[in-house]
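So the chains spell out like this:
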Amino acid sequence: MIVFGGCFVQRALSRELGAGARGILVTCNFQERQCLAESYNLLNEYASRLYGPEKFDAAGAADANSEEESGSEEEDIGAALGKEVAALKNTKPGQRRFQDIKSGAKNVLFIRCSKEVDPCRVVHSMLDDVSATKKAKARFALRFLPVTDTAYASEASIAEQAKRVLAPHFHKPACQAETTFSVVYKCRNNGEVSRDAVIKEVAEAASLGGVTHKVDLTSPKLVIVVEIIKTMCCMSVVDDFYKFKKYNIHSILTDGRAEEPKPVKAVMPAASVRADREQEPSGATTQSTVDGKEEEAKPSAGSMKTEEHSSATAQSTVDGKAEAKPSETEDKPS
């Protein structure tokens, strides 16, 4: 507890990203609350497929998803819902399968996993299903990057972290044959860590286990993801990184899908329009057909005005005689 302005404020240290965390980094575009709810639904869906329904270890509440026989079906549903609500209320945040904590960067969420959940396995299962079915699963979330370990963002700490994270994938006895790899590096809100130094430390750690591995920047079998956010370094080793479009759930859906051509409005060139206008004589009459008979159409209004202003007087025939009428521009006698 700390005192601020005469009030007691509890610091939620457990809700901030620290060393030794495991989880998933989720990126979005300015809608973090919607992205968080969407990510919870997706991760719980695929974790339930792999590990079964989530169980709440709360006092006085058994498994939230278990069903007990009752007198009627309505009582069964009501009892199950009441039991689940009671379990959720009595469950501490640290006991949940997935729990969000502050990542330290905008538009980046960190969802911490419980010990029994492998974040790489859950994310790979989700992206594999999306790639196979081509069904949109997310609207706000963009990338899902699993994190198997976090450490403080210093060269010495990252070197030790790389040995822990890379050992199951690159070192003996887990790895007996050479493989290809690449390092994907991203830094947010940190200007003290050197990109080249971090990549060098991680690449050297890959060959410390007695097996020589090769760097492949185009199509590696394994990708070492290094994400630095403020003072923390998140690291993991993932499969099918470029197959799943850098773990971008939206790019997987658009892969191999031809874009529909946009409708183009036909516009007549200005030169052809000008040429058509020059070919038409001024004051020319047009022909129209009505009931099989051709009639001579009246001159257009533009041609009539031209004829009126071309001469000072207009001729009119009344009973075979021509009379001169004063033009409109002449002053009337007072």
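As a starting point, this report considers the structure included with it. (Residues numbered from 1 in each chain as written. Predicted model: local features only at pLDDT ≥ 70, side-chain atom pairs only at ≥ 80, totals over all residues. Heavy atoms only, no water.)

### Notes on the layout of surface pockets
Step number 1: Size it by volume and the second largest pocket reaches roughly 170 Å³.
Step number 2: Lining the second largest pocket, in full, are E32, L36, D100, I101, K102, S103, G104, A105, V108, L109 and F110.
Step number 3: Within the residue set of the lining of the second largest pocket, elements represented by two or more residues are α1 (32–51), β4 (98–101) and β5 (108–113).
Step number 4: Taken together, the residues of the lining of the second largest pocket break down into six nonpolar, two polar and three charged. (1 Å grid on protein atoms, 1.4 Å probe; cavity = no way out; pocket = protein on both sides within 12 Å on 5 of 7 lines; lining within 4 Å. Points joined across faces, edges and corners; volume = space filled by probe spheres on them. Helix = DSSP H or I, 4+ residues; strand = E, 2+ residues; numbered from the N terminus. Nonpolar A, V, L, I, M, F, W, Y, C, P; charged D, E, K, R; others polar.)

### Observations concerning the pairing of β4
On a regular strand, one side chain projects to one face of the sheet and the next to the other, so that they alternate.
Step number 1: On β4, burial covers both faces: F98 and D100 on one face and Q99 and I101 on the other are all buried.
Step number 2: The sheet contact formed by β4 and β5 spans four bridges and is antiparallel. For Q99, the partnering residue across the bridge sits in β5 and is R112.
Step number 3: The turn linking β4 back onto β5 is made up of six residues, and G104 within it adopts a positive phi angle of 100°. (Buried < 20%, exposed > 50% of the residue type's maximum accessible area, 1.4 Å probe, protein only. Pairing = 2+ DSSP bridges.)

### Re unusual backbone geometry
Step number 1: The amide bond that connects K172 to the next residue, P173, takes the cis arrangement and shows omega of 0°.
Step number 2: Structurally, the position occupied by P173 is in the loop between α4 (155–170) and β8 (180–188).
Step number 3: Here the phi dihedral of K134 falls at roughly 60°; this positive angle occurs in a residue that is not glycine.
Step number 4: K134 gets classed as partly exposed once you look at its relative accessible area, which sits at 33%.
Step number 5: At K230, a position not held by glycine, the phi torsion is positive, near 55°.
Step number 6: Tracing the backbone through its elements, the reader meets K230 in the loop between β10 (222–229) and β11 (232–239).
Step number 7: Relative accessible area serves as the criterion here: at 44%, K230 is assigned to the partly exposed category.

### Some thoughts on the pairing of β10
Step number 1: Within β10, eight of the eight residues are buried, which leaves it mostly tucked inside the rest of the structure.
Step number 2: Going residue by residue along β10, you find L222, I224, V226 and I228 tucked away on one face and V223, V225, E227 and I229 tucked away on the opposite face as well.
Step number 3: Relative to β11, β10 is paired through eight bridges, and the arrangement is antiparallel. Bridge assignment links V225 to a residue of β11, and that residue is S236.
Step number 4: What sits between the antiparallel neighbours β10 and β11 is a turn of two residues, in which K230 has the positive phi angle 55°.

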